[in-house]
Amino acid sequence: MTKIPPEVLERHCFCRSRKFFFEVNQYRLPHGSVSVLGTVRHPGGALAVPVTPEGNLILVKQYRFATEEYLLEFPAGTVEDYENPFATIEREIEEETGYRAHHWQKLGEFYIAPGYSDEVIYAYLATELQKLDAPPPQDADEHIEIVQFSLPELAAAIHSGQVKDAKTVTSFYLALPYLQAACAIH
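> So what's going on with the sheet that holds strand β9 (residues 120-131)? Residues and values would help.
One open sheet accounts for four strands, arranged β7-β4-β9-β8; its pairing is mixed. Unpaired on one side and paired on the other, β7 (76-78) and β8 (99-111) mark the two borders of the sheet. Taking each pair of neighbouring strands and ignoring which way they run, the sheet shows an average axis angle of 20°. Two elements, strand β4 (residues 45-50) and β9, share six bridges in a ladder whose sense is parallel.

> So, helix α2 (residues 151-160): which residues are in play, and what are the values?
Think of an α-helix as turning once every 3.6 residues; residues three or four places apart then point the same way. Of the positions making up α2, those classed as buried are Leu151, Leu154, Ala157 and Ile158. Burial along α2 is one-sided: seen end-on, the buried residues are contained in an arc of 125°. Those residues of α2 that are exposed and aimed more than 90 degrees away from the buried face are Pro152, His159 and Ser160. Two residues or fewer past α2, glycine 161 is found with a positive phi of approximately 90°.

Scoring rules and cut-offs
- Residues numbered from 1 in each chain as written.
- Predicted model: local features only at pLDDT ≥ 70, side-chain atom pairs only at ≥ 80, totals over all residues.
- Heavy atoms only, no water.
- Pairing = 2+ DSSP bridges.
- Helix = DSSP H or I, 4+ residues; strand = E, 2+ residues; numbered from the N terminus.
- Axes fitted to C-alpha atoms, helices over the stretch in contact; angles between N-to-C directions.
- Buried < 20%, exposed > 50% of the residue type's maximum accessible area, 1.4 Å probe, protein only.
- Arc of directions from axis to C-beta.

Here it is in C-alpha coordinates:
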(Lines give C-alpha, C1' and ligand atoms only; values in the text may rest on other atoms or scores of the structure.)
Protein backbone atom coordinates (compact mmCIF):
# COMPACT_ATOMS: atom_id res chain seq x y z
CA MET A 1 0.00 0.00 0.00
CA THR A 2 1.31 3.44 -0.92
CA LYS A 3 2.07 5.97 1.80
CA ILE A 4 1.82 8.98 -0.50
CA PRO A 5 -0.77 11.37 0.97
CA PRO A 6 -3.56 12.71 -1.23
CA GLU A 7 -2.94 16.13 -2.80
CA VAL A 8 -5.31 18.87 -1.58
CA LEU A 9 -6.71 20.65 -4.63
CA GLU A 10 -9.23 22.95 -2.87
CA ARG A 11 -10.23 23.75 0.73
CA HIS A 12 -13.59 25.21 1.72
CA CYS A 13 -14.77 25.98 5.26
CA PHE A 14 -18.54 25.59 5.29
CA CYS A 15 -19.43 26.05 8.93
CA ARG A 16 -17.64 27.20 12.06
CA SER A 17 -19.04 26.63 15.54
CA ARG A 18 -17.73 27.42 18.99
CA LYS A 19 -15.73 24.17 19.27
CA PHE A 20 -15.05 22.94 15.73
CA PHE A 21 -15.47 23.66 12.05
CA PHE A 22 -16.57 21.68 9.02
CA GLU A 23 -14.71 21.81 5.76
CA VAL A 24 -15.26 20.18 2.37
CA ASN A 25 -12.07 19.62 0.41
CA GLN A 26 -11.21 18.29 -3.01
CA TYR A 27 -8.35 15.78 -3.10
CA ARG A 28 -6.39 13.99 -5.79
CA LEU A 29 -5.83 10.49 -4.45
CA PRO A 30 -2.51 8.67 -5.00
CA HIS A 31 -4.03 6.50 -7.75
CA GLY A 32 -5.14 9.64 -9.64
CA SER A 33 -8.88 9.94 -9.00
CA VAL A 34 -10.35 13.14 -7.56
CA SER A 35 -12.64 13.01 -4.54
CA VAL A 36 -14.60 15.59 -2.51
CA LEU A 37 -14.60 14.79 1.21
CA GLY A 38 -16.03 16.51 4.28
CA THR A 39 -14.07 16.72 7.52
CA VAL A 40 -14.89 17.94 11.01
CA ARG A 41 -11.83 19.82 12.32
CA HIS A 42 -11.69 19.62 16.11
CA PRO A 43 -9.00 20.80 18.57
CA GLY A 44 -9.17 17.51 20.48
CA GLY A 45 -10.51 16.45 23.82
CA ALA A 46 -9.17 15.25 27.14
CA LEU A 47 -10.85 12.57 29.24
CA ALA A 48 -10.42 11.24 32.77
CA VAL A 49 -11.19 7.78 34.13
CA PRO A 50 -11.77 8.90 37.74
CA VAL A 51 -11.45 6.29 40.49
CA THR A 52 -12.68 7.08 44.01
CA PRO A 53 -10.68 5.93 47.06
CA GLU A 54 -13.34 3.20 47.45
CA GLY A 55 -12.54 1.92 43.94
CA ASN A 56 -15.66 3.22 42.18
CA LEU A 57 -15.53 4.80 38.74
CA ILE A 58 -17.19 8.18 38.27
CA LEU A 59 -19.19 8.84 35.13
CA VAL A 60 -21.34 11.79 34.17
CA LYS A 61 -24.80 11.54 32.70
CA GLN A 62 -25.60 14.37 30.32
CA TYR A 63 -27.84 15.16 27.39
CA ARG A 64 -26.09 15.05 24.04
CA PHE A 65 -27.85 17.06 21.36
CA ALA A 66 -26.28 15.17 18.45
CA THR A 67 -27.73 11.85 19.65
CA GLU A 68 -30.82 13.40 21.28
CA GLU A 69 -30.42 11.28 24.39
CA TYR A 70 -28.72 11.18 27.76
CA LEU A 71 -25.37 9.37 27.70
CA LEU A 72 -23.17 7.99 30.45
CA GLU A 73 -19.58 9.10 29.89
CA PHE A 74 -16.31 9.61 31.67
CA PRO A 75 -15.75 13.34 32.29
CA ALA A 76 -14.16 15.03 29.31
CA GLY A 77 -13.77 18.38 27.63
CA THR A 78 -12.54 20.17 24.55
CA VAL A 79 -8.91 21.29 24.58
CA GLU A 80 -9.00 25.08 24.44
CA ASP A 81 -6.53 27.06 22.29
CA TYR A 82 -4.62 28.27 25.34
CA GLU A 83 -4.19 24.94 27.15
CA ASN A 84 -2.66 21.49 26.78
CA PRO A 85 -4.77 18.32 27.17
CA PHE A 86 -3.64 17.70 30.75
CA ALA A 87 -4.66 21.22 31.83
CA THR A 88 -8.01 20.64 30.11
CA ILE A 89 -8.80 17.47 32.03
CA GLU A 90 -7.60 18.88 35.35
CA ARG A 91 -10.14 21.69 34.87
CA GLU A 92 -12.92 19.49 33.49
CA ILE A 93 -12.83 16.82 36.21
CA GLU A 94 -13.34 19.51 38.85
CA GLU A 95 -16.14 21.23 36.90
CA GLU A 96 -17.99 18.06 35.94
CA THR A 97 -17.53 15.85 39.03
CA GLY A 98 -16.61 18.13 41.92
CA TYR A 99 -13.43 16.11 42.58
CA ARG A 100 -9.72 16.91 42.27
CA ALA A 101 -7.31 14.14 41.35
CA HIS A 102 -3.89 14.06 43.02
CA HIS A 103 -2.45 11.26 40.88
CA TRP A 104 -2.62 11.03 37.09
CA GLN A 105 -1.53 8.32 34.65
CA LYS A 106 -1.67 8.93 30.90
CA LEU A 107 -3.52 6.04 29.25
CA GLY A 108 -3.02 7.02 25.63
CA GLU A 109 -4.57 8.94 22.80
CA PHE A 110 -6.86 7.89 19.98
CA TYR A 111 -8.99 9.24 17.16
CA ILE A 112 -12.68 9.14 17.93
CA ALA A 113 -14.09 9.00 14.36
CA PRO A 114 -11.26 9.18 11.77
CA GLY A 115 -13.61 8.58 8.86
CA TYR A 116 -14.89 12.15 9.11
CA SER A 117 -13.08 13.94 11.97
CA ASP A 118 -9.53 14.69 13.12
CA GLU A 119 -10.60 14.82 16.80
CA VAL A 120 -8.13 13.06 19.07
CA ILE A 121 -8.92 12.10 22.67
CA TYR A 122 -6.17 12.25 25.32
CA ALA A 123 -7.14 9.77 28.05
CA TYR A 124 -5.89 9.79 31.66
CA LEU A 125 -6.47 7.68 34.75
CA ALA A 126 -7.30 9.96 37.70
CA THR A 127 -6.83 8.58 41.21
CA GLU A 128 -6.38 9.83 44.77
CA LEU A 129 -9.56 11.86 44.36
CA GLN A 130 -10.51 14.56 46.84
CA LYS A 131 -14.08 15.89 47.01
CA LEU A 132 -14.01 19.68 46.62
CA ASP A 133 -15.84 21.81 49.18
CA ALA A 134 -16.71 24.38 46.49
CA PRO A 135 -16.41 22.93 42.97
CA PRO A 136 -16.19 25.36 40.05
CA PRO A 137 -19.45 25.97 38.19
CA GLN A 138 -20.37 23.74 35.26
CA ASP A 139 -20.50 25.22 31.77
CA ALA A 140 -23.75 27.03 31.01
CA ASP A 141 -24.70 24.48 28.34
CA GLU A 142 -24.24 21.48 30.67
CA HIS A 143 -26.59 19.78 33.10
CA ILE A 144 -24.64 16.88 34.57
CA GLU A 145 -25.57 14.10 36.96
CA ILE A 146 -22.77 12.13 38.67
CA VAL A 147 -23.07 8.32 38.59
CA GLN A 148 -20.68 5.87 40.28
CA PHE A 149 -20.07 2.29 39.16
CA SER A 150 -17.96 -0.49 40.57
CA LEU A 151 -15.58 -2.07 38.05
CA PRO A 152 -17.86 -5.11 37.42
CA GLU A 153 -20.95 -2.87 37.20
CA LEU A 154 -19.33 -0.64 34.57
CA ALA A 155 -18.12 -3.63 32.56
CA ALA A 156 -21.69 -4.99 32.60
CA ALA A 157 -23.14 -1.58 31.64
CA ILE A 158 -20.79 -1.41 28.64
CA HIS A 159 -21.62 -4.95 27.50
CA SER A 160 -25.38 -4.41 27.92
CA GLY A 161 -25.32 -1.18 25.86
CA GLN A 162 -26.20 1.08 28.79
CA VAL A 163 -22.85 2.84 28.21
CA LYS A 164 -22.32 3.41 24.49
CA ASP A 165 -20.08 6.45 24.24
CA ALA A 166 -17.02 5.35 22.23
CA LYS A 167 -14.47 7.46 24.11
CA THR A 168 -15.72 6.06 27.42
CA VAL A 169 -15.66 2.45 26.23
CA THR A 170 -12.19 2.85 24.71
CA SER A 171 -10.79 4.57 27.81
CA PHE A 172 -12.30 1.93 30.09
CA TYR A 173 -10.38 -0.77 28.24
CA LEU A 174 -7.19 1.31 28.21
CA ALA A 175 -7.53 1.72 32.00
CA LEU A 176 -8.57 -1.87 32.71
CA PRO A 177 -5.06 -3.28 33.42
CA TYR A 178 -4.49 -0.51 35.99
CA LEU A 179 -7.96 -0.94 37.47
CA GLN A 180 -7.61 -4.72 37.79
CA ALA A 181 -4.22 -4.31 39.46
CA ALA A 182 -5.71 -1.83 41.93
CA CYS A 183 -8.63 -4.19 42.69
CA ALA A 184 -6.17 -7.04 43.34
CA ILE A 185 -4.39 -4.90 45.95
CA HIS A 186 -7.62 -4.05 47.83
